[in-house]
Structures are given as structure tokens and as C-alpha cells.
There are 2 protein chains.
Amino acid sequence: MMDKNKHNATSPFRDQWVEFIRNLQDEICAAIENIDGKARFIEDLWERKPGEKGGGGRTRIIGHGNIFEKGGVNTSVVFGGLSARMREVLHIPKNSAAKDWLAAGISLVIHPFNPFIPTVHCNYRYFELCDKEGEMVDSWFGGGADLTPYYLFDEDARHFHLTLKAACDLLDPKLYPLFKQYCDDYFVNDHRNKERRGIGGIFYDHRKPEEGRPGKFWFDFSRACSDAFLKSYLPIVSRRKDHSFGAEHKYWQEIRRGRYVEFNLIHDRGTLFGLKTKGRTESILMSLPPTVRFEYNYQPKPGSEEEKLLKVCLSPRDWVE
Amino acid sequence: MMDKNKHNATSPFRDQWVEFIRNLQDEICAAIENIDGKARFIEDLWERKPGEKGGGGRTRIIGHGNIFEKGGVNTSVVFGGLSARMREVLHIPKNSAAKDWLAAGISLVIHPFNPFIPTVHCNYRYFELCDKEGEMVDSWFGGGADLTPYYLFDEDARHFHLTLKAACDLLDPKLYPLFKQYCDDYFVNDHRNKERRGIGGIFYDHRKPEEGRPGKFWFDFSRACSDAFLKSYLPIVSRRKDHSFGAEHKYWQEIRRGRYVEFNLIHDRGTLFGLKTKGRTESILMSLPPTVRFEYNYQPKPGSEEEKLLKVCLSPRDWVE
């Protein structure tokens with residue numbers, strides 16, 4: 001069994017990445033509390049039970065704030081032996097020397113109360129496979145961020161995408177268009193006529209060393225994108241937090257939150273992987289919105305602001321042109 | 001391609017079953033409207049688009065009633081050629097002559113507004129496989145009913161189970177205990193410490209002719225169970241519909257409805273099969289509750305009525321002893 005506390009000469013990123021995500025978690029929580037002005041994060045430190053293998057996490061939950069109705073900003077570092085199921089899910093060849101895995105990531109979802117402020121999600125993670133000697137045999141980075149507005153403000157969508165693009169461009173200007181497309185292709189309710197859950201962002205997975213982009217490249221890339229989170233989201237919160245709203249706007253928000261639930265529970269690989277590999281349920285499902293509505297065959301009025309949002313979910317736009 | 005309108009001498013149950021479920025749908029809808037006293041079902045007749053293959057259904061939705069906040073009572077008869085995915089899901093051997101499939105069923109979910117009235121679900125279905133000549137090569141019945149109370153009344157749980165037991169016993173007294181157990185093993189949120197979504201009922205699947213139980217046996221059994229629905233549920237509605245309740249009871253109902261959503265979207269084979277084989281999304285997801293709440297790590301107070309309900313979901317009881 002891998003010992004996460006033991007320095008491993010073949011794993012150049014593990015310790016730095018863990019330190020990075022923990023510091024980032026502190027920074028994000030402080031900024032979220034600061035803008036909310038009322039709510040405070042509660043922290044649950046958890047460890048996996050012996051039967052579930054090693055590691056644990058730092059779950060931080062906020063709720064009932066001036067701005068934020070529910071949110072979680074979590075980090076975790078978990079590891080264990082590769083089960084048959086994980087080998088299948090991770091597409092690990094039978095002749096691979098990989099025996100153990102380790103995953104370290106930061107994951108956040110924030111659901112504001114005001115339906116004119118979008119919900120936001122981001123998640124950046126590092127994955128490692130080791131052989132029976134504890135030597136690293138494979139590793140990769142993955143992650144992304146996406147915005148789920150209930151009402152569309154072009155200005156907000158542009159800001160979110162431009163901020164992420166600027167972070168990507170620091171490393172390689174070829175990547176934003178690619179990962180924007182991945183994101184549009186990933187956060188999709190296939191069973192809803194391919195409706196996206198929002199206006200997207202960026203998404204990438206299984207990024208391993210490749211020509212011109214060593215492991216260090218993806219490490220730096222993931223740090224740059226993670227670091228862009230607060231810049232991508234807080235200005236939108238500031239702009240919309242005093243927007244007046246009524247019961248009809250909350251109604252629409254709760255309908256759209258229903259689609260968020262559908263995506264997370266039916267399609268999201270991270271959620272399903274977590275639940276099926278006996279991850280900590282409460283930490284995984286902190287992503288679900290606080291109040292939700294499911295109505296049979298709900299259709300927004302033609303020409304309404306609600307329909308305008310739906311249309312952009314059905315046909316993603318280029319926000320940085 | 002199978003023609004559902006063509007009489008098929010090798011399929012003794014198809015036409016009778018389709019007629020039976022349609023009549024039962026009428027009967028159930030009339031009884032539900034009658035006890036509600038206000039709401040009326042709206043009906044959506046739908047046909048599968050050519051790319052999705054043949055058949056269609058009769059979706060009936062009720063809402064905003066005196067008693068019922070949201071509900072659906074649906075029938076459908078759908079058929080098509082077996083895809084690779086369906087062969088896999090249905091465990092059809094490669095050397096089988098089966099080429100086409102047909103499924104005919106009734107499916108209902110009723111969510112009352114008053115948290116002292118339980119949510120109820122039932123679903124009975126007939127499945128057929130035919131060869132390239134349209135001759136039936138295999139067929140089976142499946143179905144069940146389960147009750148999801150928010151507050152536990154032993155009297156109601158006993159009534160529900162005793163009514164289903166009486167229906168099973170008409171055909172064979174060995175079956176109720178077996179199918180009660182299947183039900184307790186099926187409607188389970190594995191990711192929630194094996195919490196059941198309610199107090200169960202009966203559940204059975206893939207019931208084919210076997211020694212002492214020809215196809216006709218399962219046809220009669222499924223009719224008997226289906227016919228028991230109104231008797232199993234309406235007396236409970238009558239007993240609880242005037243029970244007074246407050247915001248704290250609605251809150252708990254919405255928390256529990258969250259678990260219903262989790263079960264249906266993460267675990268329910270019928271829901272996932274329907275969505276992944278391009279069934280009609282709105283008809284499938286009518287099962288989702290109207291308003292739902294997801295709260296991080298919600299725990300009922302020790303000794304409370306809410307905790308009493310949770311305990312019975314964690315440790316199913318024998319209700320007919």
C-alpha cells in the first residue's frame with residue numbers, strides 16, 4: 001500500500017500539488033465568506049475507513065448566507081489498491097505494473113440564492129498510479145470549471161470565458177478552444193435533447209506528458225486554471241448580487257437546478273465514480289442544489305428571458321470572439 | 001420489424017395484457033381524480049419517432065390537486081430491433097434467434113402534498129422477444145409496488161403489505177415473502193448506507209415459465225398485483241389526508257424526496273434503461289417529486305418521528321407477521 005506521507009522521488013508533483021490545493025481551498029473559502037458577509041464555512045475533516053482504504057479530506061460547507069444558499073469547497077487526498085472496477089474505469093491494461101492509485105483534488109460548487117447570480121463549479125485533480133514498490137508508473141491531471149446561469153448576461157459569460165482563456169493562454173493558446181469544446185461536450189444532459197447545464201467553461205482529463213508538454217506543463221496548467229477561479233466568478237457575483245427578483249425567477253432557478261441534479265446523478269463521471277468506489281457520499285453530493293423543482297414538461301414562454309437561457313444551453317456559443 | 005397490431009398466434013398474452021393495462025390506467029386515473037376532488041389528469045399521447053423505432057404511449061399527469069401535488073399514471077407499448085446495448089442489458093445470448101423486442105407496461109408514481117400521506121409507485125410490465133419471422137421466442141413479466149412514507153404509521157405499512165400479500169397469495173403463498181425481500185433489496189440507496197427509499201412492498205423481474213408456473217401463471221399474477229394497487233393505497237390516503245402538518249414536516253418530506261431522486265437517477269434500472277435507450281424523457285422522469293431539498297449531512301433528531309422513519313428504511317421490517 002502506498003504511503004502518501006512518504007516522499008517518493010518518482011512523484012515530482014504529489015506533495016506540491018497537495019500543498020497547492022490546500023492553500024487554494026483556504027484562499028477561496030476566505031474570499032467567499034468575505035463577499036457573503038454573513039455565512040461561515042463549517043469544516044468536516046474525514047478519513048476513509050480501513051475497509052475503504054486510505055486517505056481522507058477536508059470538506060467545507062457554507063449555507064444560508066446573504067448571497068450563498070449552499071456551497072462546498074472540498075479537498076481530498078485518497079489512495080488505495082486498484083480494484084477490478086477501477087482498472088476497468090481507468091482503462092488500465094492487464095499487463096500494467098500499476099498496483100495502487102492516488103487521487104488529490106479540489107472540488108467546489110456554489111449555489112447562490114439570487115437567481116440572477118449563476119451557480120459555479122470547478123474541480124482540479126491529480127491522479128497517480130504506482131507499482132508494487134511504490135514507484136510511480138503513470139500520472140495525469142484533469143479538471144475544469146463551468147458556469148450555470150439561470151438568466152443570461154452576455155457580459156458575465158464573456159467574463160467567465162475570457163478569464164479562463166487568459167489562464168490557459170499563459171501556458172498555450174491552443175488549449176482554450178480545445179477545452180472549451182470538451183466542456184460543451186461533457187456537461188450535457190443527453191436525455192434532454194443534448195441540453196448543456198449552463199454556458200460551459202473549460203474541461204480536460206487524462207492529460208499526461210506528451211510532445212512539448214511534459215508532466216510539469218500540466219501541473220502548471222492546472223495551477224493556472226485553479227488560480228483563475230476567484231477572478232472568473234467573484235466579479236459576476238458582485239455585479240448581480242443586488243439584482244431584484246421575484247417568485248417567478250426562483251421558480252425558474254429551481255427548474256434549472258433540477259437539470260443540474262439530473263446531470264450530476266445520471267451523467268457526471270466524477271460523481272458516479274465517487275459513489276461507486278465508496279467515496280464519502282456527503283462530500284460528493286454537496287454539489288446538489290439546496291431546493292429543486294421537477295415539473296412535467298415545463299416549457300419557458302416563447303421570447304422570454306428563460307427561453308433565451310435555454311437556447312444557449314441547446315446551442316453553445318463562442319464567448320471570446 | 002414486429003407489427004404490434006398484427007395478431008401473433010405464438011404470443012398468447014400480448015393483446016390481452018395491453019387491453020388490461022389500458023383499462024387499469026382508466027380505472028386508476030378515475031379513482032385518483034375522485035379522491036382528490038379537484039385535479040384532473042392531462043393526457044399526452046406520444047409515438048416514438050422513426051429513428052427510435054415503433055410504438056408509443058399514453059402519459060397521464062396530475063398536479064396541484066387538493067391531495068396530489070404531482071403524479072403520473074402511464075402506459076406504453078414500445079417495440080424495435082434489438083440493439084447491441086439491449087442485448088447486453090437483457091443478457092441475450094449471442095446464438096439466440098431473438099431479433100425484435102416489445103415491452104408493454106403500466107407505471108405510476110403519486111406524490112401527495114401532505115407529508116403524512118406516503119408517496120407510492122407501481123409498475124407492471126410484459127416483455128417479449130421475437131425472431132425474424134415475428135414468432136415469439138421468449139417472454140417474461142416483471143413489476144412491483146413500493147410505498148415511501150415520510151412518517152411511519154405501522155397501520156399503513158401493514159395495510160399496504162397485507163393487500164399485496166393477499167394478491168400474491170391468490171396465485172401462490174410462497175411468492176409474497178420472496179418478492180417482499182426482492183423489493184427490500186432493490187429500492188436501496190447503496191451510497192446511503194443501504195438506506196431503502198421507503199417501507200417496500202413487492203418486486204419481481206424476468207418471471208418466465210417454470211415448473212408448475214407456466215406463462216399464464218405470471219400473466220395472472222401480474223394482473224392480480226396490478227389490480228391490488230387501488231386497494232393498497234387509497235385507504236391510506238383517506239386516513240391521512242386531513243392530518244395537520246407544518247413547515248417542519250414539509251422540510252423533512254423534501255429531504256426524503258431528495259433520496260427518492262437519488263435512487264431513481266443513480267440506481268433505478270427502469271429509469272436508466274429508459275433514458276439510455278432513448279425513451280420519452282418527460283414520461284420517464286414524471287416520477288421525480290415536485291419540490292425537493294438537498295441539505296449537507298442532514299440528520300433527524302434522536303428519538304424524533306423523522307428518525308423513526310429513517311430507522312425502518314435502514315432495517316426493513318416484516319409487516320405481515
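**Points about the overall build of chain A**
Within chain A one finds 10 helices and 10 strands. For a compact globule of 321 residues, the expected C-alpha radius of gyration is about 20 Å, and chain A comes in at 20 Å, within 12% of that figure. By its C-alpha atoms, chain A is 60 × 40 × 35 Å across when sized along the principal axes. Counting every position in chain A, which comprises 321 residues, the buried fraction comes to 46%.

**What to know about the pairing of strand β6 (residues 136-148) of chain A**
Residues and elements named next belong to chain A. Examined bridge by bridge, strand β5 (residues 119-130) and β6 share 12 bridges and lie antiparallel to one another. Bridging from a neighbouring strand, Arg125 pairs with Gly142 of β6. Between the end of β5 and the start of β6, which pair antiparallel, lie five residues, with Gly134 showing a positive phi angle near 85 degrees. With six bridges connecting them, β6 and strand β9 (residues 200-207) associate as antiparallel partners. When the sheet's bridge partners are listed, Phe141 is paired in β9 with Arg207.

**Side note on the sheet that holds strand β9 (residues 200-207) of chain B**
Residue and element names in this part refer to chain B. Strand order across the open sheet formed by seven strands is β1-β2-β3-β4-β5-β6-β9, with antiparallel pairing between neighbours. For this open sheet the edge positions go to β1 (42-47) and β9, each flanked by a neighbour on one side alone. Across the sheet, the axes of successive neighbouring strands diverge by a mean angle of 5 degrees, strand direction being ignored. Relative to strand β3 (residues 68-81), strand β2 (residues 54-63) runs antiparallel, the two being bridged by eight bridges. Bridging across to β3, Ile62 finds its partner in Gly71.

**Some points on the interface of chain A and chain B**
On the side of chain B, 22 residues touch chain A, which itself brings 22 residues to the contact. Breaking the side of chain A that touches chain B down by element, the ones donating at least two residues are α7 (247-267), α9 (281-284) and β10 (291-293) of chain A. With four residues, the single largest contributor to the side of chain A that touches chain B is α7 of chain A. Grouping the constituent residues of the side of chain A that touches chain B by class yields 13 nonpolar, four polar and five charged. Relative to strand β10 (residues 291-293) of chain B, β10 of chain A runs antiparallel, the two sharing three bridges. By the bridge assignment, Arg293 of chain A is partnered in β10 of chain B with Thr291 of chain B.

**Things to note about helix α5 (residues 215-227) of chain B**
What sets the pattern is the α-helix's 3.6 residues per turn: residues three or four places apart point alike. An ideal rise of 1.5 Å per residue puts 18 Å on 13 residues; α5 of chain B measures up with 18 Å between its terminal C-alpha atoms. Those residues of α5 of chain B that fall on the buried side of the exposure criterion are Trp218, Phe221, Ser222, Arg223, Cys225 and Ser226 of chain B.

**Some remarks on the packing of α7 of chain A against helix α7 (residues 247-267) of chain B**
Axis separation between α7 of chain A and α7 of chain B bottoms out at 8 Å; the angle between their running directions is 45 degrees. Here α7 of chain A lies oblique to α7 of chain B, going by the angle between them. You can see that α7 of chain A and α7 of chain B cross each other, and the crossing is right-handed. Every residue of α7 of chain B that contacts α7 of chain A at Val261, Glu262, Leu265 and Ile266 of chain A is listed here: Val261, Glu262, Leu265 and Ile266 of chain B. Here the contact of α7 of chain A with α7 of chain B is built from residues that sort into six nonpolar, no polar and two charged.

**Regarding the packing of helix α3 (residues 154-171) of chain A against helix α4 (residues 175-186) of chain A**
The description of two packed helices rests on the angle between their axes and on the distance between the axes. All names here are of chain A. Taken N-terminus to C-terminus, the directions of α3 and α4 make an angle of 130 degrees; their axes are 8 Å apart at the nearest point. Considering their axes alone, α3 and α4 lie oblique with respect to each other. Packed against α3, whose contacting residues are Leu164, Lys165, Cys168, Asp169 and Leu171, the element α4 presents Leu175, Tyr176 and Phe179 at the interface. In terms of residue class, the contact of α3 with α4 is built from six nonpolar, no polar and two charged.

**Details of the sheet that holds strand β4 (residues 100-112) of chain A**
All names here are of chain A. With antiparallel pairing, the seven strands of this open sheet are ordered in space as β1-β2-β3-β4-β5-β6-β9. Both outer strands of the open sheet, β1 (42-47) and β9, are each paired with one neighbouring strand and no more. With direction set aside, neighbouring strand axes in the sheet form an average angle of 5 degrees. Along the sheet, α3 contacts β6 and β9; its crossing angle with β9, the most-contacted strand, is approximately 30 degrees. Contacting β4, β5, β6 and β9, helix α5 (residues 215-227) crosses the sheet at an angle of about 25 degrees to β6.

**Here's the deal with the relation of the copies chain A and chain B**
The operation relating the two chain copies consists of a rotation about an axis and a shift along that axis. Rotating chain A by 180 degrees about the axis while translating it 0.0 Å along that axis superimposes it on chain B, leaving an RMSD of 0.0 Å. Considering both components of the superposition, the chain copies are consistent with a two-fold axis. Rotation axis and chain A: the residue whose C-alpha lies nearest the axis is Val292 of chain A, separated from it by 2.5 Å. Of all interface residues in chain A, 100% are interface residues in chain B too; the two copies therefore contact each other through one and the same surface.

**What to know about the nonpolar core**
Leu164, Ile202 and Cys225 of chain A together with Leu164, Ile202 and Cys225 of chain B are the most contacted members of the largest nonpolar core, which has 152 residues in total. Ignoring sequence-local partners within four residues, the contact set of Ile202 of chain A consists of Gly144, Ala145, Leu164, Cys168, Tyr176, Phe179, Lys180, Cys183 and Cys225 of chain A.

**Things to note about the confidence of the model for chain A**
Chain-level pLDDT for chain A is 94 on average; 97% of the residues reach the 70-or-more range. Reported for the predicted complex are a pTM of 0.95 and an ipTM of 0.95.

What counts, and where the lines are drawn
Residues numbered from 1 in each chain as written. Chains lettered and ligands numbered in written order. Predicted model: local features only at pLDDT ≥ 70, side-chain atom pairs only at ≥ 80, totals over all residues. Helix = DSSP H or I, 4+ residues; strand = E, 2+ residues; numbered from the N terminus. Rg over C-alpha atoms; globule rule 2.2 N^0.38 Å. Buried ≥ 20, exposed ≤ 12 C-beta atoms within 10 Å, placed from the backbone. Pairing = 2+ DSSP bridges. Axes fitted to C-alpha atoms, helices over the stretch in contact; angles between N-to-C directions. Contact = placed C-beta atoms within 7 Å. Nonpolar A, V, L, I, M, F, W, Y, C, P; charged D, E, K, R; others polar. Expected span 1.5 Å × (residues − 1). Parallel < 35°, antiparallel > 145°, perpendicular 65-115°, else oblique. Left-handed = near helix turned anticlockwise from the far one by under 90°. Least-squares fit on C-alpha atoms with pLDDT ≥ 70 in both. Core = buried A, V, L, I, M, F, W, Y, C linked by C-beta atoms within 7 Å. pLDDT = per-residue confidence, 0-100.

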